[in-house]
Structure formats: C-alpha cells, structure tokens
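Structure assessment
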Amino acid sequence: MSATLLYWAGGFALLCFTLGLGCAAVRLIRGPGAEDRVLALDTLYINGMLILLVLGLRFEAGLYFDVALLIALFGFVGSSALAKFLLRGEVIEP
C-alpha cells in the first residue's frame, strides 16, 4: 500500500513539475521584460532540478541527486550573474 501511494505521488509530482516547466518555458519565450525572463529561467532550473530529484527517488539511483546538485549550483551562479548584469550593466567589475 505504501509503495503504491509513493508511486502515484511521484507520478503526480512529475506531472506538476512538468507543467510548471512548460509554463516557465512559455514565459521565457514570451516574457515582456528581461526581469520576467530571468525569473522564468530560475523557475526552469528549479523545476528541472525537482524533476531529477523525483526521478532519483523513483528509480532509486544516486546519480540523479548529483546532477540535481550541479543544476542547483549552476542555476544559482547564473541567476546571480544575470541579476548583477541587469542592475549594473556588467558582470565583472574592474
């Protein structure tokens, strides 16, 4: 009973994260401003990371967790660089 519930909950979570990924992709393409596109990119990498975590739980494989950690690290660095670029117009200060 518990394994069946976990299986269906994982499937529902995957469906919700995939829908969120699709909505964020639409916002990334159609976003009226640069700020909207940066937020959509943040949402994309977070949803991608969560999809990998759910798949790691479902398949009981540790590699998914390592890849999710890398996505989180690169996503944080990328969004902080984009935020700095939007604020000051340059990423690396002299």
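Note that the coordinates shown come from a computational prediction; the quantities given were computed from them, not determined experimentally.

Considering only enclosed or pocket space, the largest pocket measures out at about 180 Å³ in volume. Forming the walls of the largest pocket are Ala 3, Leu 6, Tyr 7, Gly 10, Val 54, Leu 57, Arg 58 and Glu 60. Ranked by the residues each element gives to the lining of the largest pocket, the list is headed by helix H1 (residues 2-30), at 4 residues. Split by residue class, the lining of the largest pocket holds 5 nonpolar, 1 polar and 2 charged.

So, about the UniProt feature "transmembrane region" (unreviewed entry) in the protein chain. Using the residue numbers shown here, the UniProt feature "transmembrane region" (unreviewed entry) corresponds to residues 6-26, 38-57 and 63-87. Along residues 38-57, the helical share is 100% and the strand share 0%, with 29 Å between the first and last C-alpha atoms. Between the C-alpha atoms that bound residues 63-87 there is a distance of 36 Å. The span itself is 100% helix and 0% strand.

This next bit is on the packing of H1 against helix H2 (residues 34-59). For any two helices packed against each other, the geometry comes down to the angle between their axes and how far apart the axes lie. At their nearest, the axes of H1 and H2 sit 8 Å apart, and the two run at 160° to each other. Classified by the angle their axes make, H1 and H2 are roughly antiparallel. Judged by the twist between their axes, the crossing of H1 over H2 is left-handed. Residues that form the contact of H1 with H2 fall into these classes: 16 nonpolar, 7 polar and 5 charged.

Take the packing of H2 against helix H3 (residues 63-88) next. For the pair H2 and H3, interaxial distance at closest approach is 9 Å and the crossing angle is 170°. Viewed along their axes, H2 and H3 adopt a mutual orientation that is roughly antiparallel. Taken together, the residues of the contact of H2 with H3 sort by class into 19 nonpolar, 3 polar and 2 charged.

All right, on to the environment of Gly 75 then. Tracing the backbone shows Gly 75 in helix H3. For Gly 75, a relative accessible area of 12% puts it in the buried group. For Gly 75 and Leu 50, which are 25 residues apart along the polypeptide, the C-alpha to C-alpha distance reads 13 Å.

So, on to unusual backbone geometry. For Glu 60, which is not a glycine, the phi torsion comes out positive at approximately 55°. Assignment of secondary structure puts Glu 60 in the loop between H2 and H3.

The next thing to look at is the environment of Val 54. Positionally, Val 54 belongs in helix H2. Put simply, Val 54 and Leu 14 are 40 residues apart on the chain and 6.9 Å apart in space, counted from C-alpha to C-alpha. If we skip the residues at most four places from it in the chain, Val 54 touches Gly 10, Ala 13, Leu 14 and Phe 17.

Definitions and limits used
Residues numbered from 1 in each chain as written. Predicted model: local features only at pLDDT ≥ 70, side-chain atom pairs only at ≥ 80, totals over all residues. Heavy atoms only, no water. 1 Å grid on protein atoms, 1.4 Å probe; cavity = no way out; pocket = protein on both sides within 12 Å on 5 of 7 lines; lining within 4 Å. Points joined across faces, edges and corners; volume = space filled by probe spheres on them. Helix = DSSP H or I, 4+ residues; strand = E, 2+ residues; numbered from the N terminus. Nonpolar A, V, L, I, M, F, W, Y, C, P; charged D, E, K, R; others polar. UniProt positions renumbered as here; feature names shortened; annotations may be inferred. Axes fitted to C-alpha atoms, helices over the stretch in contact; angles between N-to-C directions. Parallel < 35°, antiparallel > 145°, perpendicular 65-115°, else oblique. Left-handed = near helix turned anticlockwise from the far one by under 90°. Buried < 20%, exposed > 50% of the residue type's maximum accessible area, 1.4 Å probe, protein only. Contact = heavy atoms within 4.5 Å.

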